[in-house]
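What the coordinates show
Below, each chain spelled out in residue letters.
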Amino acid sequence: MNLQMVDLKGQYEKLKPEIDQAIQHVIDTTAFINGPQVKEFSTSLANYLGAKHVITCANGTDALQIALMALGLQPGDEVIVPCFTYVATVEVIALLKLKPVVTEVDPDTFNITAEIIEKAITPKTKAIVPVHLFGQSADMEPIMAVAKKHNLYVVEDTAQAIGADYTFSDQVIKKAGTIGDIGCTSFFPSKNLGCYGDGGALYTDNDELATLIRKIANHGQAKKYHHEVIGVNSRLDTIQAAILSVKIKQLDNYCKARGAAATYYDRQLSELSWLQTPKRQTNSTHVFHQYTLRLHDPADRDALKQHLADRGVPSMVYYPIPLHLQEAFRTPEYNQGDFPISESLCTQVLSLPIHTEMNREQQDFIISAVKSFKK
Ligand SMILES: *Cc1c(COP(=O)(O)O)cnc(C)c1O
């Protein structure tokens, strides 16, 4: 059986005529940079999210960098981030000479919480970057309350959770990424809304921030050759925008397909006493960018990975090393043992294949391979 973590080919096949036509149209019109499809896609995404402004850019890492640049932070200002996440989040903080203050995460959701954030706040703290890891929104209502109390900016890293719905205590529902000051996302091919190369976007409801973000992403200019602030060159290609305009119409179906696959895994695997299936929050939907098991015994994690590989089942460890122990971000302030939950997650997690094209036969094969690890 041909199993992959994600099936981009199968997904493409279903939309082939529409996607091929969209790509060909861009080539025919040669509007490769900032063609009308870029604006069109930004508008579709803004409507989908219920966000006032969507500014597209070259990738998710750029989105995070541009967001932090737009907040006017000064060197040495502290930015709080979870230590169990992808490197991009902390990388841009360090690049801008801001100080990443890494924190523990919640053992059930793998996300940062208001309680954890509050403990990490100092007089130098200026911003928080919650990451909605694996497809579930961090618990944003209390996080926004802490941010308000301490006058901090909130930049949401929603690269893994596009489409997730967060429900506030008054039953108002907002899309993950539209709750903080700025939301950032990635259209990397394997993300839940992926293009055929690199792509990213920022969202905000704040008009001034939107204007500044637009400027920063375009060499600091609003008017050609009038550079008002220091910016970067970060654009979404027109071809990628054209592809995304086709794919965004499928995003809710994609979320449903991933959700259905996750529910089936849950049903089949939750009886196994030696592993923990993903815990779901009550106030956020889960769009299952990853379906991540937690093995109680770290020895089981590596052995299960090998056992699956021997049977042709791919699996991945997201993430093997917490940020505070990554060589590039080592400082004397952080040591092994500082964040025991994140450190143990790195030894216990294993993500199974999950994507929009999964069928029962594939899932049954994967499930029986997992079950056969321990009888
Ligand atoms: C993918 C990802 C990014 C970076 O996106 P790129 O488009 O690859 O730059 C940032 N944060 C998280 C959590 C991600 O998963």
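Computed from a prediction, not measured in an experiment: that's the story for all the values here. (Residues numbered from 1 in each chain as written. Predicted model: local features only at pLDDT ≥ 70, side-chain atom pairs only at ≥ 80, totals over all residues. Heavy atoms only, no water.)

Across the five residues of strand S9 (residues 200–204), five count as buried, placing the element largely inside the fold. The alternating pattern of S9 places Gly200, Leu202 and Thr204 on one face and Ala201 and Tyr203 on the opposite face, and all of these are buried. Inspection of the sheet shows strand S1 (residues 53–57) paired to S9 by five bridges, in the antiparallel sense. The residue bridging threonine 56 from the neighbouring strand is alanine 201, located in S9. Sheet topology note: the strand S8 (residues 182–186)/S9 ladder contains four bridges and is antiparallel. Bridge pairing links serine 186 to glycine 200 in S9. (Buried < 20%, exposed > 50% of the residue type's maximum accessible area, 1.4 Å probe, protein only. Helix = DSSP H or I, 4+ residues; strand = E, 2+ residues; numbered from the N terminus. Pairing = 2+ DSSP bridges.)

With that settled, the discussion passes to the pattern of salt bridges. With the rule as written, the count across this model stands at 16 salt bridges. The partner of glutamate 357 in a salt bridge is lysine 14, with the nearest N and O atoms 2.6 Å apart. Taken together, the residues glutamate 357 in the loop between strand S14 (349–352) and helix H12 (360–371) and lysine 14 in helix H1 (residues 8–29) connect sequence positions 343 residues apart. Residue lysine 371 is joined to glutamate 271 by a salt bridge in which the shortest nitrogen-to-oxygen separation is 3.8 Å. Taken together, the positions of lysine 371 in helix H12 and glutamate 271 in the loop between helix H9 (251–269) and strand S12 (275–276) put the pair 100 residues apart, joining distant regions of the chain. Residue class for lysine 371 comes out partly exposed when judged on its relative accessible area of 25%. A single salt-bridge network, built from bridges that share partners, covers Glu78, Lys99 and Glu333. (Salt bridge = Lys/Arg side-chain N within 4 Å of Asp/Glu carboxyl O.)

Moving on to the site of the ligand. Neighbouring the ligand are the residues Asn59, Gly60, Thr61, Tyr86, Ala88, Val131, Asp157, Ala159, Gln160, Ser186, Phe188 and Lys191. The contact in question runs from an oxygen atom of the ligand to an N or O atom on the side chain of threonine 61, over 2.5 Å. In isolation the ligand exposes 380 Å². Once the protein is present, 92% of that is buried. Classifying every residue of the shell around the ligand by side-chain character gives five nonpolar, five polar and two charged. (Near = heavy atom within 4 Å. Polar contact = N/O pair within 3.5 Å; in protein donor to acceptor, adjacent residues only side chain to side chain. Areas by Shrake-Rupley, 256 points an atom, 1.4 Å probe, with all protein chains shown as cover. Nonpolar A, V, L, I, M, F, W, Y, C, P; charged D, E, K, R; others polar.)

Bringing the UniProt feature "active site" (unreviewed entry) in the protein chain into the picture now. Residues annotated in UniProt with the feature "active site" (unreviewed entry) correspond here to Lys191. Excluding residues that lie within four positions of it along the chain, lysine 191 makes contacts with Ala159, Ser186, Arg258 and His289. (UniProt positions renumbered as here; feature names shortened; annotations may be inferred. Contact = heavy atoms within 4.5 Å.)

Bringing the packing of helix H3 (residues 60–70) against helix H4 (residues 88–95) into the picture now. To describe two helices that pack against each other, one gives the angle between their axes and the distance between the axes. The interhelical angle for the contact between H3 and H4, taken along N-to-C directions, is 40°, at an axis separation of 9 Å. Compared by their axis directions, H3 and H4 come out oblique. Handedness of the H3/H4 crossing: right-handed. Contacts between H3 and H4 involve Thr61, Leu64, Gln65 and Leu68 from the first element and Ala88, Thr89, Glu91, Val92, Ile93 and Leu95 from the second. Looking at the contact of H3 with H4 residue by residue, the class counts come to six nonpolar, three polar and one charged. (Axes fitted to C-alpha atoms, helices over the stretch in contact; angles between N-to-C directions. Parallel < 35°, antiparallel > 145°, perpendicular 65-115°, else oblique. Left-handed = near helix turned anticlockwise from the far one by under 90°.)

With that out of the way, let us pick up the packing of aromatic side chains. As enumerated under the stated definition, the model contains 13 aromatic pairs in all. Centre to centre, the rings of phenylalanine 84 and tyrosine 319 are 6.2 Å apart; their planes meet at 80°, and the pair counts as edge-to-face. Here the residue phenylalanine 84 occupies a position in the loop between strand S2 (78–82) and H4, and tyrosine 319 occupies one in the loop between helix H10 (298–310) and helix H11 (340–348), the gap between them amounting to 235 residues. In terms of burial, phenylalanine 84 and tyrosine 319 fall into one category: buried. Measuring from centroid to centroid gives 5.3 Å for tryptophan 274 and phenylalanine 373, while their planes differ by 55°, and the two rings are tilted. Residue tryptophan 274 is located in the loop between H9 and S12, and its partner phenylalanine 373 is located in the segment after H12; the two are separated by 99 residues in the primary sequence. Residue tryptophan 274 shares its accessibility class with phenylalanine 373, and that shared class is buried. Chaining the aromatic ring pairs together yields one cluster made of Phe84, Tyr86, Phe110, Phe134, Tyr318 and Tyr319. Here the basic side chain of arginine 360 rests over the ring of tyrosine 264, its NZ or CZ set 3.6 Å away from the ring centre. (Phe/Tyr/Trp six-rings, centres within 6.5 Å; stacked < 30°, edge-to-face > 60°. Lys NZ or Arg CZ within 6 Å of the ring centre and 35° of its normal.)

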